[in-house]
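Fold and contact review
Listed below, chain by chain, are the residues.
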Amino acid sequence: MRSSRVSDAGQPEKTLSLDFDVFVVDPKPIPSAVPGFEEVVGPATWPPSTATLISDDDGAVLIDCLITVREGRELAAWVKSQDCEPEYVYITHPHADHLLGLPEILAAFPQARPVALAESIPAMQEQISAGYMQIWGGFFPGQLTGKPVPPGPLAGRTIPIGGSSATVVPVGTTDTVHSSVVHVPDLSLVVSGDVVYNRTHMWLMGSTPDSRADWARALDAVAALEADTLIAGHRDPRAPDDDARRQIDESRRYLADFETALERSSAPRELIDRMTAAHPELANPYTLWVAAHDLLGTGT
């Protein structure tokens, strides 16, 4: 994608070499901890995930870096194939599945500066603590780095990209605290981390009415940026497009439908059936089952 600015007089100004590309990984098998899931649906999986590279002729930033050692190495090789070296690696929020690939990226690009919102870093450090790494290792045995690396604090809210820049927009609580999105006005682009999902069940384990209301407000904040394109941190590879308005509207609808279904359900299977009927085509149903059993116990 190429873009150009237009002056007030209607004459094209400098043509920008600003561009972006997306690295997508399919759902990954994980052990199921939910009774009956494998019998009804099939193998449990972690949701499909993305990392986004934004670059021009003079600089680049990589946004999020996946979770396993293999994914980190494949992502680094892909970035090298784009013939650019990122000056920054930005982590959108404190979830390990967007963070633990960082050592492989830094091994390939030692000059890159890993950064995140300063207020999110304590939660990221918790994600890579020994206790949490044991939990994550249960999902991905033998697949994770033994030397996780936290990012440092981003100074301000701007990330330079050669002759252009991206703006970090904090949006508060979504599926975790201290979430943010990256806005690139010159591309009419938002990279959303976990704030917006693209045709994938949203992570609502541990959520509360207040946190779900906060998430809805975060979606409003992203909508106010009026971007045309949005890259979700979890995107079904079969999704039809990356249209920002569609994804925001669908994420809003999912949260509203979940709230209604939860109010009407007294057991996990009731919630699962209601949400599956409302959203039959979404990727990674295991995410829904985990939320249902977390919020409504182990009843059937």
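None of the values given here were measured: they were computed from a predicted structure.

Some remarks on the layout of surface pockets
Roughly 680 Å³ of volume is contained in the largest pocket. Along the wall of the largest pocket there are 31 residues; nearest its centre are Trp46, Trp136, Phe139, Trp203 and Met205. A total of five residues in the lining of the largest pocket trace back to one element, the largest contributor, which is helix H9 (residues 285–296). For the lining of the largest pocket, the class distribution of residues is 18 nonpolar, eight polar and five charged. Approximately 210 Å³ is the volume found for the second largest pocket.

Points about the packing of aromatic side chains
According to the stated counting rule, one finds ten aromatic pairs in the structure shown. Arranged with centres 5.2 Å apart and planes meeting at 85°, the rings of phenylalanine 37 and tryptophan 289 form a pair that is edge-to-face. One end of the pair, phenylalanine 37, is in helix H1 (residues 37–40); the other, tryptophan 289, is in helix H9, with 252 residues separating them in the sequence. Take phenylalanine 37 and tryptophan 289: they sit in the same class, and that class is buried. The interplanar angle of 40° and the centroid separation of 5.8 Å between the aromatic rings of tryptophan 46 and tryptophan 203 together place this pair among those described as tilted. Linking tryptophan 46 in strand S5 (residues 45–46) with tryptophan 203 in the loop between strand S15 (197–198) and helix H6 (209–223), this pair joins segments that are 157 residues apart in sequence. The buried category is assigned to tryptophan 46, whose relative accessible area is 7%. Ring-pair connections join several aromatic residues into one group, and the members of that group are Trp46, Trp136, Phe139, Phe140 and Trp203.

The rules behind each value
- Residues numbered from 1 in each chain as written.
- Predicted model: local features only at pLDDT ≥ 70, side-chain atom pairs only at ≥ 80, totals over all residues.
- Heavy atoms only, no water.
- 1 Å grid on protein atoms, 1.4 Å probe; cavity = no way out; pocket = protein on both sides within 12 Å on 5 of 7 lines; lining within 4 Å.
- Points joined across faces, edges and corners; volume = space filled by probe spheres on them.
- Helix = DSSP H or I, 4+ residues; strand = E, 2+ residues; numbered from the N terminus.
- Nonpolar A, V, L, I, M, F, W, Y, C, P; charged D, E, K, R; others polar.
- Phe/Tyr/Trp six-rings, centres within 6.5 Å; stacked < 30°, edge-to-face > 60°.
- Buried < 20%, exposed > 50% of the residue type's maximum accessible area, 1.4 Å probe, protein only.

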